[in-house]
Amino acid sequence: LCCKLPTPLPSAVPVRKREHARVADGSVAPAMNPFAADGFMTKFGELIPGVNDGIQALHKRAGNEEAYQRARKNNPVGADGALTRLGEHIPGVNNIVQELHKNAGKQEQLQRARKADPIGAEGGITKVGEHIPGVNNVIQELHKNAGKGQAAARARLVDPLGCDGYVTTAAEYTPGVNQLVQVLHAKANKGEHVQRARERNPVGANGWITQVGERIPVLNDGIRALHRNAGQFEAAERAEGRTLQALLSKDGAITKLAELIPGTNLLAAAMHELHGNHEEADRAIDLLRNWHHFGHPNGALAKLAELLPGVDIVAFALHLNAGHYPHALRAITKTERVIVDGSVTLVLCLRNLQVLELKELVIVNLSYHPKAFSLGSSLVDLAMNFLDMDKNGHQRRRMNRRRKDLALPTHEDSGMKREAKEKLVKSINDCVAGQIDKQIDNVKDHIAKAVKDANERLQQKRALHWSFARGLPEKLPDPDETFVRSVQDALERMTFRHEKLDFFPDKLMPRILPDDALSRKVSKYAGRTSLTCLAGCALLVPSLKALTVGCAAGVVSAGAYAWHEAAGFVVARLNRQNSEATEATVAPSEATASSASSSSSSSGPVASAPAGLVAELQLSDLPTLELGLCEYVLKCTALSSGGSMLAGRLPYLSSTCRRWVEGWIVDGESSPLPLVISVPLPAQCIPIGVEHGEPAIYLEVPAYTLGLLLHCRPSSSGSCVLERMRVVITDEQLGRLAECVRVQVQTWDLRKLDPRLSGFTQPIHLNFGLGMQWEYGSETARVELSDLSLSLHLPR
């Protein structure tokens, strides 16, 4: 082709080299031979069973060791070949492969084949067979004969005919078969499984067939009699709500219906009078009143709806949305009492008031009586409605836009139980967040009340002496909106953390010269003053000038000494103040100290600093609060007759004090000035709930002490900058407050807290044990409500 071209090829176009080089006799070169040791046809043949053996022999005869090893490795029927591995997963073939591995001395491959055996102890077919009734027993025997104890235990655990097998579980829900299963559990001494089978018995005291029969009139009376004969008084009480006797009672559904119909109402009134129920007889005669109360929670409509299966769920929803909690529970249970027992663990995250959330809700051993359809889910719906709606039936205040969205926690539960728990947790978080927002918005009212109380005390002080009347203002002004808003924002962003209270300041040391050096300076100044005074006495003419110079030197030396004494006094006073405040804040009570000292001998030394909860303001909020507070103080100072003059000199005085503090007490560039203030809070009586315009319940809070830690630094502008502010309370005081609240809550009648609970016929008392554990160095608290019990008495 190149010879036919009219012109030679351009140099830029490369000439393709010949791919097959030929030798003199015309054969293809060995490097390019597809049937050579590294040819592609040879490599392909190494993957074919049977052909691989011939190729191995050729490689070995040609002395090509590398190609020989490659062919052995690629052998599909070799020890690690693809067909061998496939055969290890085929029943029957696996045993042949094992024998071949064993004869070839391939121990590693032999163990692999035994493990992959589909009918071996860990095989897939064996595990499937363990879930087949009857086959499982055969497999158990095989495991036992082979000495496979672990596999035998696994087979017993998944036995479908075993105590926890799926066939046994299904049989426990089957009428008639359940009794046989109970007998088998009893013979096997499985007391726990016997109890489980009894609870699942469909024709038992709480079975679904029994409860369906209780909803049928007349049949209900027979079932109630059977319950009483069997000693199942709780089930008998549940069935009593639909008996003919209950329907014809003075408040029964048939009686209520008869009181609505003209003519039959007179018959109902006569029956009431016959039984001595005079009030009910008057009620039956008044037709207009009966029709007016037709839709009442105890009216005829509600009574009839609660009797009909399916419609009672609608009656529950209507009662619940109307805030009639007792009647809602009555529609589900048909009993006079509901008892709830169990333990609840709350995991709280208290990072700050913006992110105060319930991270996890753990409910342990929760039980409720009586056993009725949908009672558990009904209690959850009631709790969510109580949290979402206020006592007036309005939607509770939700989180405002300032608050961050709270992520829902994850639970190990699944299905409807998990969904119900997540909804309950969300309702609790929304309710708590709304209450926090409400309290933060009420800060303005609290500040106004504090100013009002301060004005009352101010008038009392001004009346004591004329100096107070001149130096104190007549009335304190209300803080402006900007300062109140800054206080609210600072409280909202305040962070919380549980840690060891070992950060209280040590003693301050004044920045002065040593005593001997200072005494030498004072002596030096005093000596010079004496010499100058003597010279003035010797020389009569210049005596006045000399005496003046001597007096000035004496004044300087005396001023330096007084400056030093003042610094020492202030440092000593600060140290004493910090020490007393620290001791009042973190010192344990006598009972706690004695118990700690008695246990220290056996459990090692007790930590010197206790642990507690620390609340700290954000650094970005401190300048705003400090500026607003200073402006308010200046405004209050300027209102008094003597304070206006002082207010004009405050900048000069503050600058002088700053230079003195920075020069003699602390190093303003390296360390701030620490200040500890103990804030003792007196015992309080907090009203909770309102009944007829008066507080229904009072919560008595004992006296406790908070610690306020301030870190200040003198600034170049003459003011004192607040660098850090923390409020602390010890675990001992937190525990004492929590225990005090727990004891009082157990004595409360919860019906007084909310009118929606007033329909319960007897006092509601919540009994529980309280425990609180903090994760050290974090903001997470674990609150345990143990042995919780609640009894709710329902109306008839």
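Keep in mind that this is a model prediction, so the values were computed, not measured. Starting from 1, residues in each chain are numbered consecutively following that chain's sequence as written. In view of the model being predicted, local features appear only for residues whose pLDDT reaches at least 70, and side-chain atom pairs are presented and counted only at 80 or more, with totals across whole chains, interfaces and linings using the full set of residues. Water and hydrogen atoms play no part in the side-chain values, which are based on all heavy atoms of the structure.

**Digging into empty space enclosed by the protein**
Any space left empty among the atoms is revealed by the rolling of a water-sized probe across them.
Part 1 of the argument: Buried and open spaces are told apart on a 1 Å grid over the protein atoms alone, a cavity being a set of points where a 1.4 Å probe fits but cannot get out and a pocket being an open set with protein on both sides within 12 Å along at least five of seven lines. Residues with an atom within 4 Å of a point are the lining residues. Grid points are joined across faces, edges and corners, and a volume is the space filled by probe spheres set on the points. Evaluated as defined, the whole model comprises one cavity of 30 Å³ or more.
Part 2 of the argument: In this structure, the largest cavity spans a volume of roughly 70 Å³.
Part 3 of the argument: Considering the residues around the largest cavity, the lining is formed by Gln 211, Glu 214, Arg 215, Arg 238, Arg 242, Ile 332, Thr 333, Lys 334, Ala 372 and Phe 373.
Part 4 of the argument: Among the residues making up the lining of the largest cavity, the classes are represented as three nonpolar, two polar and five charged. Charged residues are taken to be Asp, Glu, Lys and Arg, nonpolar residues to be Ala, Val, Leu, Ile, Met, Phe, Trp, Tyr, Cys and Pro, and polar residues to be all remaining types, Gly included.

**A word on the sheet that holds strand β11 (residues 780-793)**
Part 1 of the argument: A pair of strands counts as paired when DSSP detects no fewer than two bridges linking them. Elements are defined by DSSP. Helices are runs of H or I of four residues or more, strands are runs of E of two residues or more, and each kind is numbered from the N terminus. Pairing is antiparallel in the open sheet, where four strands are placed in the order β2-β1-β11-β10. At either margin of the open sheet sits one strand with a lone partner, and together these are β2 (356-369) and β10 (766-774). Sheet twist, expressed as the average angle between the axes of neighbouring strands with direction ignored, equals 15°.
Part 2 of the argument: Bridging between strand β1 (residues 337-350) and β2 involves 11 bridges; their strand directions are antiparallel. Considered in β2, the bridge of Leu 350 is made with Leu 356. The axes used here are C-alpha line fits, helices contributing only the stretch in contact, and every angle between their N-to-C directions lies in the interval 0 to 180 degrees.

**Structural notes on the pattern of salt bridges**
Part 1 of the argument: By definition, a salt bridge exists where a carboxyl oxygen of Asp or Glu is found within 4 Å of a side-chain nitrogen of Lys or Arg. One pass over the structure, following the stated rule, counts 21 salt bridges.
Part 2 of the argument: Here Asp 754 ties to Arg 756 by a salt bridge, and the two come within 2.9 Å at their closest N and O atoms. Across the pair, Arg 756 and Asp 754 agree in class, each one buried. Partly exposed residues are those whose accessible area sits between 20% and 50% of the maximum for their type, while under 20% is buried and over 50% is exposed, using a 1.4 Å probe and protein chains only.

**A word on the packing of helix α21 (residues 300-307) against helix α22 (residues 311-321)**
Part 1 of the argument: The contact between α21 and α22 brings their axes to 6 Å, and the two run at 135°. In terms of orientation, α21 and α22 fall into the oblique class. Together, Ala 302, Ala 305 and Glu 306 of α21 and Val 311, Asp 312, Ala 315 and His 319 of α22 make up the contact between the two elements.
Part 2 of the argument: For the contact of α21 with α22, the class distribution of residues is four nonpolar, one polar and two charged. Any angle that is under 35 degrees is reported as roughly parallel, and any over 145 degrees as roughly antiparallel; angles of 65 to 115 degrees are reported as roughly perpendicular and all others as oblique. Working rule for contacts: check all heavy atoms of both residues, and any pair within 4.5 Å makes them a contact.

**Details of helix α8 (residues 135-145)**
Part 1 of the argument: Listed as buried for α8 are Asn 136, Ile 139, Gln 140 and His 143. In a view along the axis of α8, the buried residues occupy a sector of 105°, so they form one face of it. What points out from α8, more than 90 degrees from its buried face, is the exposed set Val 138, Leu 142 and Asn 145.
Part 2 of the argument: The elements touched by buried residues of α8 are α7 (124-129) and α9 (149-157).
Part 3 of the argument: Immediately beyond the C-terminal end of α8, within one or two residues, lies Gly 147, with a positive phi of roughly 75°. An arc is given here, and it is the one of the directions from the helix axis to the C-beta atoms.

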